[in-house]
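Here is what each chain is made of, one letter per residue.
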Amino acid sequence: MLTRLKTKSERKLAKQICKVVLDHFEKQYSKELGDAWNTIRDILITPSCWQYAVLLNRFNYSFELEKDLRLKGYHTLLQGSLPYYPKSMKCYLSRTPDRMPSERHQIGNLKKYYLLNAASLLPVLALELRDGEKVLDLCAAPGGKSIALLQCAYPGYLHCNEHDSLRLRWLRQTLESFIPQPLVNVIKVSELDGREMGDAQPEMFDKVLVDAPCSNDRNWLFSSDSQKAAWRISQRSNLPVLQIELLRSAIKALRPGGLLVYSTCTLSKAENQDVISEILNSYSNIMPVDIKEMARTCSQDFTFAPTGQECGLLVIPDKGKAWGPMYVAKLKKSWTTNW
């Protein structure tokens, strides 16, 4: 297993940085992020600096594994420091770029842990999921955030939607690997275009997560096909249009009084702050929810860039805290109807 892992990570190191993408990011992000971009870029183009958090699966808990992680110098993410941090969620972080080997998918055997970018837990925590609530994960593949949601609480109903059929297979396999059979009964998996969900299930959900398709900065930098990368960049300006349509659908699917969290794994202002500003300007019944406290609480483990928004956070990769990029915004639907 370790030898296989080594060759895998060596292959990742050997991966070529896509110059088309790097040049494009260089122009945009040096403007948007100033000097911070230099550090961010150095981390993004050096996979050997990347860090991996270990999210324990409460449905197949291993005391030995937890003990082993502590002995290796891992520490828990934010345990108890956020008022709504669930005790049932255990995530371990290392300050060094250590990576646990991935577990194999075996039918009938639940995995003990999930490897992830620790910043991707922030949208899940921001949702403040409670037992019994109805929750929608609108763009759910590959399933990491759905798995994390189930570590936080036992929802009355969890709807995991993924429009892309290949990614949907991945999502199903992830759920099968981590979730025990009885709980599968409260989970619905669908392949709907997320833009149609609001009309299909109006005001059905207490909480909605929109982890939107975006220009995934880490992956795009290592595009192996430069023609495809150039095409992606030329189409990039269409993404905010899709993201806004997904949010409009999510707002329809959310009940009055419910919470909506929007997230991306890009640094791009056009796909982050600008999308949220557009939504806040379009709806009189959608309110920003202040999440500055989350940034204050998490500053030991994450570095944040200013967003100019009380309801939005942007995690940026930093030395020894190579998490992100991850943008998180939190909104609430008030009881007044319409625009």
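Residues numbered from 1 in each chain as written. Predicted model: local features only at pLDDT ≥ 70, side-chain atom pairs only at ≥ 80, totals over all residues. Heavy atoms only, no water.

**Student:** Provide a residue-level description of the side chain of T264, including the pertinent values.
**Tutor:** Relative to the helices and strands, T264 is located in strand 9 (residues 254–264). Within the local environment of T264, its side chain forms a polar contact with the side chain of N272, the two groups lying 2.6 Å apart. (Helix = DSSP H or I, 4+ residues; strand = E, 2+ residues; numbered from the N terminus. Polar contact = N/O pair within 3.5 Å; in protein donor to acceptor, adjacent residues only side chain to side chain.)

**Student:** Residue-level account of the confidence of the model for the chain, with values.
**Tutor:** Across the chain, pLDDT averages 92, with 94% of residues at or above 70. Long-range and interchain partners of residues 1–7, a stretch whose pLDDT sits below 50, account for five contacts in this model, where long-range means more than four residues apart. For the stretch residues 9–13, pLDDT sits under 50, and the model shows five contacts to residues farther than four places along the chain or on other chains. (pLDDT = per-residue confidence, 0-100. Contact = heavy atoms within 4.5 Å.)

**Student:** Describe the state of the cysteines, and please don't skip the residues or the numbers.
**Tutor:** Scanning the model with the defined rule gives zero disulfides in all. C214 supplies the cysteine sulfur nearest to C18, a cysteine that is in no disulfide, at a spacing of 17 Å. According to the relative accessible area criterion, C18 is buried, its value standing at 4%. Between C160, a free cysteine, and C139, which holds the nearest cysteine sulfur, the sulfur-to-sulfur gap is 12 Å. Take C160: its relative accessible area is 0%, and that puts it in the buried class. (Disulfide = S-S within 2.5 Å. Buried < 20%, exposed > 50% of the residue type's maximum accessible area, 1.4 Å probe, protein only.)

**Student:** I'd love a proper account of helix 13 (residues 273–282), names of residues and values included.
**Tutor:** For helix 13, the set of buried residues is Q273, V275, I276, I279 and S282. Looking at the buried side of helix 13, the elements it contacts are helix 12 (239–253), strand 9, strand 10 (286–288) and strand 13 (326–333).

**Student:** Which residues make up the nonpolar core, and what are the values?
**Tutor:** Judged by nonpolar contacts, the single largest core of 52 residues is most densely connected at L55, M89, I179, M294 and F302. Ignoring any residue separated from it by four or fewer positions in sequence, one finds M294 in contact with L82, Y84, L122, L125, A126 and L313. Membership of the second largest hydrophobic core comes to 50 residues, among which are W37, L221, I286 and L331. (Core = buried A, V, L, I, M, F, W, Y, C linked by side-chain atoms within 4.5 Å.)

**Student:** Let's hear about the packing of helix 2 (residues 19–33) against helix 3 (residues 36–44): which residues, and what values?
**Tutor:** Where helix 2 meets helix 3, the closest approach of the two axes is 8 Å, and the angle between their N-to-C directions is 145°. Every pair of crossing elements has a handedness; the one defined by helix 2 and helix 3 is right-handed. Residue-level contacts link L22, F25, E26, Y29, S30 and L33 of helix 2 to A36, W37, I40 and R41 of helix 3. Across the contact of helix 2 with helix 3, the residue classes break down as seven nonpolar, one polar and two charged. (Axes fitted to C-alpha atoms, helices over the stretch in contact; angles between N-to-C directions. Left-handed = near helix turned anticlockwise from the far one by under 90°. Nonpolar A, V, L, I, M, F, W, Y, C, P; charged D, E, K, R; others polar.)

**Student:** Give me the lowdown on the packing of aromatic side chains, citing residues and values where you can.
**Tutor:** Taken as a whole and judged by the stated rule, the model has eight aromatic pairs. Both rings, one in W50 and one in F222, keep their centres 5.9 Å apart while their planes meet at 80°; by these two values the pair is edge-to-face. With a gap of 172 residues between them, W50 in the loop between helix 3 and strand 1 (53–56) and F222 in the loop between helix 10 (217–220) and helix 11 (226–235) connect regions that are remote in the sequence. Given the relative accessible area of 5%, W50 is considered buried. Taking the relative accessible area as the measure of exposure, F222 reaches 9% and is therefore buried. Feature note: the residues F25, Y29 and W37 constitute an aromatic cluster, connected by ring pairs. The residue whose ring lies beneath R58 is Y154, and the NZ or CZ to ring-centre distance is 4.1 Å. In this structure, R218 is placed above the aromatic ring of W50, and the distance from its NZ or CZ to the ring centre is 4.7 Å. (Phe/Tyr/Trp six-rings, centres within 6.5 Å; stacked < 30°, edge-to-face > 60°. Lys NZ or Arg CZ within 6 Å of the ring centre and 35° of its normal.)

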